[in-house]
Amino acid sequence: MSPTQIIVIVLVVLVIIAAIAVVVRTAGRRRALQSRFGPEYDRVVQEQESRSAAERELRDRERRHAELTLTPLSPESRARYAAAWEELQIRFIDSPGETVGDADELVTRLIEEQGYPTGDFSDQLAHLSVEHARTLTNYRDAHEIHLRNSRGEATTEELRQAVVHYRSLFADLLGEEPVGQRTPEQRSHPDTPHDATSR
């Protein structure tokens, strides 16, 4: 075998090794994004023109999220939000439409207090998706019902579902289920459903 043939074989082997390394690295990054973003990964892939464009978008979200200064809630703040959520759920029976608007405002305040931007809704979703992707679909659905309610188009059942969806993100942001979810009547009757919105 001539020296030229040996050099060609070595170069081919090196190219193959490099290609395998790129494939392995790409697959690893893809798995990491899928794990981090969950259902949001699939959603962005459907919205973008290609998987690589979707993955660029998700990596950009991670970069922008890393630039935020997020603030953990103090125990007092956590208790205040939990109490506000309990009051909101109790009010749902008498004024479901107004309660959905209040739930949207309460969740927005909680998001803002933790350091997330709250100006543009799509930017807000993008920032939240990095650490709260599992509950983001619920938040989108709840916000959509809130907008329909503001136009007088949402049914009472949709309003109930919106509050359930808001609670999902609220609990995720709070780091726990909001405390005191049972109404006073439910506390005195243990067989009463978990809360007014869970039926």
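Since the structure is predicted, the reported quantities are computational estimates derived from the model, not experimental observations.

Calculation criteria
Sequence order sets the numbering: in each chain, residues are counted from 1 along the sequence as written. Per-residue local features are limited, in this predicted model, to residues with pLDDT of at least 70; the limit for side-chain atom pairs, both in listing and counting, is 80 or more; totals at the level of whole chains, interfaces and linings are taken over all residues. In computing side-chain values, all of the structure's heavy atoms are included and hydrogens and water are not. Secondary structure elements are taken from DSSP: a helix is a run of H or I of four residues or more, a strand is a run of E of two residues or more, and numbering for both begins at the N terminus. By this rule the span expected of a helix is its residue count minus one, scaled by 1.5 Å. Burial classes follow relative accessibility: with a 1.4 Å probe on protein chains only, a residue under 20% of its type's maximum area counts as buried, one over 50% as exposed, and anything between as partly exposed. By the convention used here, residues are in contact when the closest approach between their heavy atoms is within 4.5 Å. Like-charged residues are merged into a patch within 9 Å and nonpolar side chains (Val, Leu, Ile, Met, Phe, Trp, Tyr) within 5 Å, provided each residue has over 30% relative accessible area and no salt bridge. Methods summary: accessible areas were calculated by the Shrake-Rupley approach with a probe of 1.4 Å, and residue burial reflects only the protein chains presented. Salt-bridge detection follows one rule: a side-chain nitrogen of Lys or Arg within 4 Å of a carboxyl oxygen of Asp or Glu.

**Student:** Please explain helix α8 (residues 156–174) as it appears in this structure.
**Tutor:** Here α8 spans 26 Å end to end across 19 residues, near enough to the 27 Å set by a 1.5 Å rise per residue. L159, R160, A162, V163, H165, Y166, R167, L169, F170, A171, L173 and L174 are the residues of α8 that are buried. Check the buried side of α8 and you find it contacts α4 (75–92), α5 (96–113), α6 (121–132) and α7 (136–150). Phi for G175, located one or two positions after α8, is positive at around 90°.

**Student:** What is the right way to read a nonpolar patch on the surface from this model?
**Tutor:** Together, M1, I6, I7, I9, V10, L11, V13, L14 and I17 give the surface a local cluster of nonpolar side chains, amounting to about 860 Å² of exposed area. Mapped onto the secondary structure, I7 falls in helix α1 (residues 3–37). Owing to a relative accessible area of 51%, I7 belongs among the exposed residues under this scheme.

**Student:** Looking at this model, I keep getting lost on the pattern of salt bridges. Mind explaining?
**Tutor:** Pairing is possible between side chains of opposite charge, provided their charged atoms come close. In total, this model carries 15 salt bridges according to the counting rule given. Here R140 ties to E40 by a salt bridge, and the two come within 2.9 Å at their closest N and O atoms. In this pair, R140 sits in helix α7 while E40 sits in helix α2 (residues 39–47), placing the two residues 100 residues apart along the sequence. Judged by relative accessible area, R140 falls into the buried class, the value being 14%. Between E87 and R91 there is a salt bridge, with its nearest N and O atoms 3.2 Å apart.

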